Amino acid sequence: MPWNNPEKPARITFDIRRLLESVSGCKGLDFPMAWAGKDAHKGTELADNGTVLRKKDLMGGYYFMPVTFLSGGRKYEIDCAMVSLRLRKSVVRTPLSGKGGTVKEMVGTQDMEVSVTGCLTGERGRWPEERINDLRRLFEVNDAVSLKCALTDCFFDAEDKVVITGMDFPQGGQVEDVVPVRIECVQDKVFELNMD
């Protein structure tokens with residue numbers, strides 16, 4: 001919807017929580033501080049690992065657990081993001097002859113899978129085209145990128161990064177200034193190879 005008068009823009013209302021629920025398929029509980037308004041927090045709160053836990057959004061309210069990708073000196077923030085992690089192990093199973101069950105040999109852990117679902121919001125009711133193009137450029141990086149998030153920082157070592165394996169812009173209910181996005185990544189650990 002175009003703005004008729006830039007000095008007094010029309011008021012558009014939408015519910016980001018419902019939009020994210022429709023995109024992610026996940027219905028979360030209300031987070032009281034997120035909906036309490038501008039004065040819920042006086043400053044930025046940090047997790048024990050030093051990662052930011054709450055950040056101010058465009059409307060002046062605070063939201064929980066901001067997610068930022070970093071590549072080539074640029075930051076790409078995903079608004080109101082939900083992060084899910086999947087940890088799996090590679091296990092070799094050998095059947096026992098004459099008995100039920102298997103012998104399990106631990107081989108190691110697989111790459112952690114990270115899924116980030118959130119929104120790109122535009123300022124003053126504008127479609128966030130520049131932010132969409134920024135994410136397209138981030139996807140085109142054929143290298144590991146940094147991910148800053150309180151949840152992933154609990155599992156990652158300081159030098160760990162992620163490789164973006166997929167990016168999806170699902171249908172968002174025709175809200176003009178909010179575009180939902182889903183980013184799939186795998187953890188990229190730094191290994192030291194010693195040859196004797």
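Everything quoted here is computed from the prediction, not taken from an experiment.

Remarks on the pairing of strand β3 (residues 67–71)
Counting buried residues along β3, four of its five residues qualify, which places the element largely inside the surrounding structure. Of the pairings in the sheet, the one linking β3 to strand β4 (residues 74–86) comprises five bridges and is antiparallel in character. Bridging across to β4, Ser71 finds its partner in Arg74. The hairpin formed by β3 and β4 contains two residues between the paired strands, and Gly72 there has a positive phi angle of roughly 60 degrees.

Digging into the pairing of β4
Bridge count between β4 and strand β7 (residues 113–121): six bridges; the pairing is antiparallel. Counted as the bridge partner of Ser84 is Ser115 from β7.

Looking at the nonpolar core
Of all hydrophobic cores here, the largest spans 27 residues; its most connected members are Val67, Phe69, Ile78, Val116, Leu135 and Ile183. Secondary structure elements with two or more residues in this core: β3, β4, β7, α3 (129–139), β9 (161–168) and β10 (178–188).

Some points on the sheet that holds β3
Spatially, the six strands line up as an open sheet ordered β8-β3-β4-β7-β10-β9, and their pairing is antiparallel. With partners counted over all chains shown, the strands left at the sheet margins are β8 (146–148) and β9, one partner each. With direction set aside, neighbouring strand axes in the sheet form an average angle of 40 degrees. Strands in contact with α3 are β3, β4, β7, β9 and β10; relative to β4, the strand with the most contacts, it is inclined by about 70 degrees.

Topic: the environment of Val114
With respect to the secondary-structure elements, Val114 resides in strand β7. The class of Val114 is buried, set by a relative accessible area of 0%. The spacing of Val114 and Thr165 is 51 residues in sequence and 9.9 Å in space, taken between C-alpha atoms. Here Val114 is in contact with Val83, Ser84, Leu85, Leu147, Thr152, Phe156, Ile183, Glu184 and Cys185, once residues within four sequence places are set aside.

A short note on the pattern of salt bridges
Counted by the stated rule, this structure contains nine salt bridges. Between Arg136 and Glu140 there is a salt bridge; the shortest N-O distance is 3.1 Å. You can call Arg136 partly exposed: its relative accessible area is 39%. For Asp160, the salt bridge is made with Lys189, and the minimal N-O distance between the two is 3.1 Å. Placement of the pair is Asp160 in the loop between α4 (150–153) and β9 and Lys189 in the segment after β10, with a sequence separation of 29 residues. A relative accessible area of 31% means that Lys189 is categorised as partly exposed. Look at the salt bridges and you will find they share partners, linking Arg74, Asp134 and Arg137 into a network.

A closer look at the side chain of Ser71
Within the secondary structure, Ser71 sits in strand β3. Ser71 sits in the buried class, given a relative accessible area of 16%. For Ser71, the contacting residues outside a window of four places in its chain are Tyr76, Leu138, Val141 and Val145.

About the cut-offs
- Residues numbered from 1 in each chain as written.
- Predicted model: local features only at pLDDT ≥ 70, side-chain atom pairs only at ≥ 80, totals over all residues.
- Heavy atoms only, no water.
- Buried < 20%, exposed > 50% of the residue type's maximum accessible area, 1.4 Å probe, protein only.
- Helix = DSSP H or I, 4+ residues; strand = E, 2+ residues; numbered from the N terminus.
- Pairing = 2+ DSSP bridges.
- Core = buried A, V, L, I, M, F, W, Y, C linked by side-chain atoms within 4.5 Å.
- Axes fitted to C-alpha atoms, helices over the stretch in contact; angles between N-to-C directions.
- Contact = heavy atoms within 4.5 Å.
- Salt bridge = Lys/Arg side-chain N within 4 Å of Asp/Glu carboxyl O.

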